[in-house]
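# Geometric and topological summary
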Amino acid sequence: MLFSKNKKYISSMNTKGIFSNTYDEKYPQTIVNKLVLSHFKNSDKTPKCIFIGWDGCRGDAMKYLIKSENDKISGANDDFNYSAVNLLKKTGGVYITYVGGDNGFQQETSTAQGWASALCGKWMKKEWKNGIEWSLDADYETVMQTLAKQGCRTSFSCIWPVHFENTYKNEIEYAQKNNLSESYFKFETDAELHENMLSRINSDDDFIFGIYENPDLNGHGTGFGDCNYRYVSGVCNLDTFSYDLIKAIEKRDTFKNEDWLIIIGSDHGGHLNMHGTQRIEDRTTFLAVSKSVKELIDR
């Protein structure tokens, strides 16, 4: 039965017109770190990057936003002019990614581990007490700190307090001790966080990272997946929020002299009202990128 469900899920992910790669060609979420560092190393203009996190967004949620070649999947879903994901698909691509480890190593498909793996470029091969109670050490430097050490201004905005209380506690203390331009901001709602993300764009940060919570909150509250309209709504709302951020970037007075890498991604998927397992719905995520992943990797 599980094999049959997985096969059906993979088939839906491979529906033509949605992703730039196939399920068999999926990338690990750790690739985010590599894409960002490659962009900053090889840009001809002033490099900038914004990484927009959609907490708890399953990979197959892209079918809510992108019209596929299969009407049974997309229905009458026309291209949306104010969609961040569709905009990035035109300039770069939308890719299938996975979380939870590989090569025999299993990592919990949860928030702390997911974002940390993306930011550090490594799977978190450490013991996480109760799933979250561990702070990154020197072996797991985030892209935020790597860039800050190079003189860049970086920022991290979120709602979940555990990020600051546990996961990034050591990195925050290191940044403060060494006078690095690495800022952390905590908010109560996605709306508050969104205003700060706009502020960070206008404040001339070089690398901006922020985590929106709506899909995860709706998934835990009423269920992950397309059977729950609240979950779908949470994903679609963030698509519009993210479009707003992209347009704010394009309105910058210095935009023509800058080279922006825009990334939208997720920390994990989910099933029923939970995540954390090795189930395909928990492991399969996505990346929408303003540039070709292959070109960034091959630089």
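In what follows, the structure referred to is the one given above.
Quick caveat: nothing in here was measured; it's all calculated off a predicted structure.

## Quick look at the overall build of the protein
The secondary structure content of the protein amounts to 13 helices and eight strands. Its C-alpha atoms put the protein at 55 × 45 × 40 Å along the principal axes. Across the 299 residues in the protein, those meeting the buried criterion constitute 57%. The contacts in the protein between residues at least 6 apart in sequence include a share of 73% that link residues at least 24 apart. Summed over all atoms, the accessible surface of the protein reaches about 13300 Å², with 48% contributed by carbon and sulfur. Side-chain charges of the protein comprise 35 positive and 41 negative groups, with the mean position of each set lying 4 Å from the other.

## A closer look at the pairing of strand S8 (residues 284-289)
Most of S8 sits out of view: six of its six residues are buried. Of the two faces of S8, the one lined by Thr284, Phe286 and Ala288 and the one lined by Thr285, Leu287 and Val289 are each fully buried. Examined bridge by bridge, strand S3 (residues 93-98) and S8 share six bridges and lie antiparallel to one another. The residue of S8 that forms the bridge with valine 94 is alanine 288.

## Here we look at helix H9 (residues 190-202)
End to end, H9 covers 18 Å across 13 residues, agreeing with the expected 18 Å (1.5 Å per residue, within 8%). Turning to H9, its buried residues are Asp190, Leu193, His194, Asn196, Met197, Leu198, Arg200 and Ile201. Looking at the buried residues of H9, the elements they touch are strand S2 (46-54), strand S4 (154-158), strand S5 (182-186), strand S6 (207-212), helix H10 (214-222) and helix H11 (229-250). Downstream of H9 by one or two residues, aspartate 204 has phi in the positive range, about 70°.

## Quick look at the environment of glycine 210
Position of glycine 210 relative to the elements: it lies in strand S6. Measuring from C-alpha to C-alpha, the distance between glycine 210 and isoleucine 159 comes to 9.1 Å, with 51 residues separating the pair along the chain. Look past the residues within four positions of glycine 210 in its chain and what remains in contact with it is Phe51, Ile52, Gly53, Ser157 and Met197.

## What to know about the packing of helix H4 (residues 84-91) against H11
With their axes 7 Å apart at the nearest point, H4 and H11 run at an angle of 55° to one another. Comparing the axis directions of H4 and H11 gives the class oblique. For the pair formed by H4 and H11, the contact residues are Ala84, Val85, Leu87 and Leu88 on the first element and Asp239, Ser242, Tyr243, Ile246 and Lys247 on the second. Across the contact of H4 with H11, the residue classes tally to six nonpolar, one polar and two charged.

## What to know about the nonpolar core
The biggest cluster of nonpolar side chains holds 43 residues, and the ones touching the most others in it are Ile50, Trp54, Met62, Val85 and Ile264. In terms of residue count, H11 provides more of this core than any other element does, nine residues in total. Setting aside chain neighbours within four positions, we find methionine 62 in contact with Ile18, Phe19, Trp54, Cys57, Val85, Val94 and Phe286. Judged by nonpolar contacts, the second largest core, of 38 residues, contains Trp115, Leu119, Leu136 and Phe156.

About the criteria used
- Residues numbered from 1 in each chain as written.
- Predicted model: local features only at pLDDT ≥ 70, side-chain atom pairs only at ≥ 80, totals over all residues.
- Heavy atoms only, no water.
- Helix = DSSP H or I, 4+ residues; strand = E, 2+ residues; numbered from the N terminus.
- Buried < 20%, exposed > 50% of the residue type's maximum accessible area, 1.4 Å probe, protein only.
- Contact = heavy atoms within 4.5 Å.
- Areas by Shrake-Rupley, 256 points an atom, 1.4 Å probe, with all protein chains shown as cover.
- Lys, Arg positive; Asp, Glu negative; His and termini not counted.
- Charge placed at Lys NZ, Arg CZ, Asp CG, Glu CD.
- Pairing = 2+ DSSP bridges.
- Expected span 1.5 Å × (residues − 1).
- Axes fitted to C-alpha atoms, helices over the stretch in contact; angles between N-to-C directions.
- Parallel < 35°, antiparallel > 145°, perpendicular 65-115°, else oblique.
- Nonpolar A, V, L, I, M, F, W, Y, C, P; charged D, E, K, R; others polar.
- Core = buried A, V, L, I, M, F, W, Y, C linked by side-chain atoms within 4.5 Å.

Note that all results are geometric; they support no functional claim without further evidence.
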